[in-house]
Amino acid sequence: MSIIEVKNLKKYYQVHKKEPGLIGSIKSLFKREYEDVKAVNNVSFSIEEGELVGFIGPNGAGKTTTLKCLSGLLYPTSGKLEVLGYNPWDRKHEFLKQISLVMGQKNQLWWDLPAMETFILNKEIYEVPQEKFDHVLNNLVDLLEVKDVLNIQVRKLSLGQRMKCELIAALLHSPKVLFLDEPTIGLDVVMQKKMRDFIKSYNQKYKATIILTSHYMDDVSQLCERVIIIDKGKLIFDGSLREIVEKYADHKIIRVVFSKAIDAKKLEKIALVKEYNYPSAVLTVKREASNVAAAELLKNFPIADLNIEEPLIEDIIAEVFTGKDVS
Amino acid sequence: MKTLSLKSLPAKMLAKKYLQIVKISWTNTLVYRLSFILWRLESIILFLGTYLFWLAVYHNSAQISSYNKTTMLTYIIGILILRNLVFSSRINQAAEDIASGGLNKYLVKPMEYFHWLIGIDLGDKIAQLFFLFFELIAIFLIFKPPFFIQTNIAYLIYFLISSSFSILIYFYLSLIISLTTFWYPEHNGWPQRFLFDTMIIFLSGGWFPLDILPLPIYRFLSLLPSTYLRFFPLKIYLGQLELKEIIKGLILMFLWIIILRRLTNFIWQKGLKTFTAVGI
């Protein structure tokens, strides 16, 4: 049985349009024109227990809206949602006790109080027994190395320390389903990696089902077997990362370093030149033609070094979004 | 659907939850010292304004409507006490939570948001009354006001019952104002709050006892819930109402509580459906 089941989910917002300027403001005072924004438009997918799924898409694609619907914050315009057998919108306490939503840009910690106060409050709200609370807390504090900051006012913590504490607050009740909305936003590279490792281990240790959204491809490519891509409210891909590469990357990249100056125009007969800065060049060729092109290059040019590479996952996805035919 | 039912939890768990919320409320009060001090200051200034005004008025006349100097000044001090007991600044928080999307963090927790507000409000009331106690001592030492002490136990009991009803009525009224932020989020719902705060001072008898107004106006005001927030309990305390009037008032208060509670839940459910949880 799947843990998360989404069928034809739609969420439309009404926003009012306003013409720019003072006159526009006055007009909108008397007559407001509303416009439907289709934040999520007919999205379906299902997720099994223990899966770690990456949710990607450009800004405003509908990722966060979907997560908010799944955690019961938003009332879907239409469609069927089921998480752990519950309808999220009912916000049954038994349901809420098994999930957690972490939003990188919003905090649940009390800004003016030490993180520990929030933890204790959550313990009472989620009715976590003292023993279990101590055990889980110690565990998390060790893993994330935040022992020293628990009793410092949250407003005085660094972003990284705060995010770690946010995560602890969200995990104290050992949720079975975890929605992480940009958990690594604003963190430095080292911290991002730590966060990633932690998420991975939590997923494996507790068999937790996790949906994660992120702008950083590294998060997704290192954590998630499966990715769901949405754009403008529509689901445009659901499958493994490898499949994306196979499906959308119809080309490969050849990096060459020349040993002598060459006539760049000649290069174009063999492959599409993306960059040429003597002595190096970056070329793209059709996937199936890559070997032939490489051989041609070696034959016709003075070459010091040559590499055939898969395109970066970021670039593939950027191409997916910028209107290549993806149906 | 969600209502304000407290039945679902064992009492002990509930008590622990509330205790923790009350604690958070206090710690927050101490952190936001300035707004706490300003709220106290506002309370004192409003009191001094009305007190000194009525003191001056009674300089020339011994009796106005059914009030002599003692009962009037007792009334004004009573207004101060009930302001701290009945009114609350913490329910404004709901408007801010809704407008800023901070409501999210409560909604994803296995807890009713209204219970949270009650807990926060409770903590706040205890803190306000604690400080009021010292302020009252100062007021009595400085102004030595004549004070009417009600000795009839029955009146005192009715006073306490009506005051507890007042707390509920104010809670729902104020919450409804906060909930309008779902539809009018401008400035975190401050405009409607400002109008409410201003009107409620007058309509609850904060400037003067409502029965010194012309009878038709007073009769009309008697139907509104605001009249029962402070004026009505104080009238009982002063022993100026007959039993029949007291019972009639208490029944009306009870009806208002039921109506306002239903209305609050209705608006809450409607509001949540339009809630966009801020940001796509």
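About the cut-offs
Residues numbered from 1 in each chain as written. Chains lettered and ligands numbered in written order. Predicted model: local features only at pLDDT ≥ 70, side-chain atom pairs only at ≥ 80, totals over all residues. Pairing = 2+ DSSP bridges. Helix = DSSP H or I, 4+ residues; strand = E, 2+ residues; numbered from the N terminus. Axes fitted to C-alpha atoms, helices over the stretch in contact; angles between N-to-C directions. Parallel < 35°, antiparallel > 145°, perpendicular 65-115°, else oblique. Left-handed = near helix turned anticlockwise from the far one by under 90°. Contact = placed C-beta atoms within 7 Å. Nonpolar A, V, L, I, M, F, W, Y, C, P; charged D, E, K, R; others polar. Core = buried A, V, L, I, M, F, W, Y, C linked by C-beta atoms within 7 Å. Buried ≥ 20, exposed ≤ 12 C-beta atoms within 10 Å, placed from the backbone. Domains from an automatic or database assignment. pLDDT = per-residue confidence, 0-100.

1. Observations concerning the pairing of strand E10 (residues 251-258) of chain A
Residue and element names in this part refer to chain A.
Item 1. Bridge count for E10 against strand E12 (residues 280-286) is seven bridges, and the pairing is antiparallel. Directly across from Val257, in E12, lies its bridge partner Ser280.
Item 2. The pairing of E10 with strand E13 (residues 303-309) spans six bridges and is classified as antiparallel. Bridging from a neighbouring strand, Ile254 pairs with Ile308 of E13.

2. Some remarks on the packing of helix H5 (residues 130-144) of chain A against helix H6 (residues 159-171) of chain A
All names here are of chain A.
Item 1. At their nearest, the axes of H5 and H6 sit 10 Å apart, and the two run at 155 degrees to each other. With respect to H6, the axis of H5 lies roughly antiparallel. Between H5 and H6 lies a crossing whose hand is right-handed. Here Leu140, Val141 and Leu144 of H5 come into contact with H6, specifically with Lys164, Leu167, Ile168 and Leu171.
Item 2. In the contact of H5 with H6, the residues fall into six nonpolar, no polar and one charged.

3. Section: the nonpolar core
Item 1. Judged by nonpolar contacts, the single largest core of 121 residues is most densely connected at Ile168, Ile210 and Leu212 of chain A together with Ile169 of chain B.
Item 2. Apart from the residues lying within four places of it in its own chain, the contact partners of Ile168 of chain A are Phe119, Leu140, Val141 and Leu144 of chain A.
Item 3. Core analysis: the second largest hydrophobic core is formed by 10 residues, Ile254, Phe258, Leu283 and Val285 of chain A among them.

4. Here's the deal with the interface of chain A and chain B
Item 1. Between chain A and chain B, the contact holds 29 residues from the first and 22 residues from the second.
Item 2. Sorting the residues of the side of chain A that touches chain B by element identifies helix H2 (63-70), helix H3 (93-96) and helix H4 (115-125) of chain A as the ones contributing at least two each.
Item 3. Among the elements that take part in the side of chain A that touches chain B, H4 of chain A stands out by supplying five residues, more than any other.

5. Some points on the domain arrangement of chain A
Item 1. Taken domain by domain, chain A consists of domain 1 (4-245) and domain 2 (250-309).
Item 2. Distance between the C-alpha centres of domain 1 of chain A and domain 2 of chain A: 43 Å.

6. So, the confidence of the model for chain B
Residue and element names in this part refer to chain B.
Item 1. Looking at chain B, pLDDT values average 90 and 95% of them are 70 or higher.
Item 2. Counting interchain partners and residues more than four positions distant, the pLDDT-below-50 stretch residues 1-7 has six contacts.
Item 3. Predicted as a complex, the structure gets a pTM of 0.84 and an ipTM equal to 0.80.

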